[in-house]
Amino acid sequence: MKMQMKEKKVNLPGTVHAYAEKKVAKLDRYFDGEAEALVAFSVEKNRNTVELTVHAANTYFRARESTHDMFVSIDAAVATIEGQIRKNKTRLARRLRQDAFVRGIEPSSFAPEEPEDRFEIVRTKRFSMKSMTQEEAILQMNLLGHSFFAFHNADENGAFCVVYKRNNGGYGLIVDEK
C-alpha cells in the first residue's frame, strides 16, 4: 500500500507518523498492492483530527476522527474504515481480493458491528438537463432548496457536472472528465 502523510497547521514527531503507518498498513490485507492511503493530521480547537482516505479498486473509503489524542484518532479512523469494509463486504467482494474476508476482523471498540443495509431506490426522477453556467446552476440549486444540482456546464463545453453545498460553507463542483 502506498501511503502519504500530510500535516495541516501542525508539526508532529516521527513517532506519530510511524504509528499511523503501522496501523494503516494493517488495512493492506483487504486490498491488492494497488491501494493508496492519504493520512492528514490537523489540530482544531484542541482536538486532534485524522482524516484517512483509502483508494483501491475504484472505490474510496474515507474516515475523519477527532479526539483529545492523535494516537486515539488514528485508531478510530482505521476502525471506521474497517467498519465500512465490514458493512459493505458483500458488495465490495467483487472489487477487492477474493479471500479478503476469509479471516475475521478483530472486534474494535470504535466501530460496532452494524447490520448490512440494502440499497433500495424508492423514487426515480427524470428531467431534461439544460446547458447553463456554474453560477446559474448554483442559483437554481438554491431556488429548489437542494444540496446538489446536476447540469451540463456551458463553461466546460457541455460536460456533465454536479454542483453541491459543502459542509464548511461554499460550493463544490464535480466535472465529468470524458
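Residues numbered from 1 in each chain as written. Predicted model: local features only at pLDDT ≥ 70, side-chain atom pairs only at ≥ 80, totals over all residues. Heavy atoms only, no water.

Colleague: Before we move on, can you summarise helix α1 (residues 14-25) with the specific residues and values?
Modeller: Under the 1.5 Å per step criterion, the end-to-end length of α1 is 16 Å for twelve residues, consistent within 8% with the ideal 16 Å. Burial in α1 covers these residues: V16, H17, A20, K23 and V24. One face of α1 carries all of its buried residues, which in axial projection span an arc of 135°. Exposed and oriented more than 90 degrees from the buried face of α1 are G14, T15 and K22. Among the structural elements, β1 (2-8), β2 (36-44), β3 (47-56) and α2 (70-87) are those in contact with the buried residues of α1. (Helix = DSSP H or I, 4+ residues; strand = E, 2+ residues; numbered from the N terminus. Expected span 1.5 Å × (residues − 1). Buried < 20%, exposed > 50% of the residue type's maximum accessible area, 1.4 Å probe, protein only. Arc of directions from axis to C-beta. Contact = heavy atoms within 4.5 Å.)

Colleague: If you had to explain a negative patch on the surface to someone new, which residues and values would you point to?
Modeller: Together, E135, E136, D155 and E156 make up a negatively charged patch on the protein surface. Mapped onto the secondary structure, D155 falls in the loop between β6 (148-153) and β7 (159-165). (Patch = residues over 30% accessible without salt bridge, like charges linked within 9 Å, V, L, I, M, F, W, Y side chains within 5 Å. Areas by Shrake-Rupley, 256 points an atom, 1.4 Å probe, with all protein chains shown as cover. Salt bridge = Lys/Arg side-chain N within 4 Å of Asp/Glu carboxyl O. Lys, Arg positive; Asp, Glu negative; His and termini not counted. Charge placed at Lys NZ, Arg CZ, Asp CG, Glu CD.)

Colleague: How would you summarise the packing of α1 against α2 if you had to cite specific residues and measurements?
Modeller: Relative to each other, α1 and α2 sit at 15°, their axes nearing to 10 Å. Comparing their axes, α2 and α1 come out roughly parallel. The hand of the α1/α2 crossing is right-handed. Residues T15, V16, Y19, A20, K23 and V24 of α1 lie in contact with α2, whose contacting residues are M70, F71, I74, D75 and V78. (Axes fitted to C-alpha atoms, helices over the stretch in contact; angles between N-to-C directions. Parallel < 35°, antiparallel > 145°, perpendicular 65-115°, else oblique. Left-handed = near helix turned anticlockwise from the far one by under 90°.)

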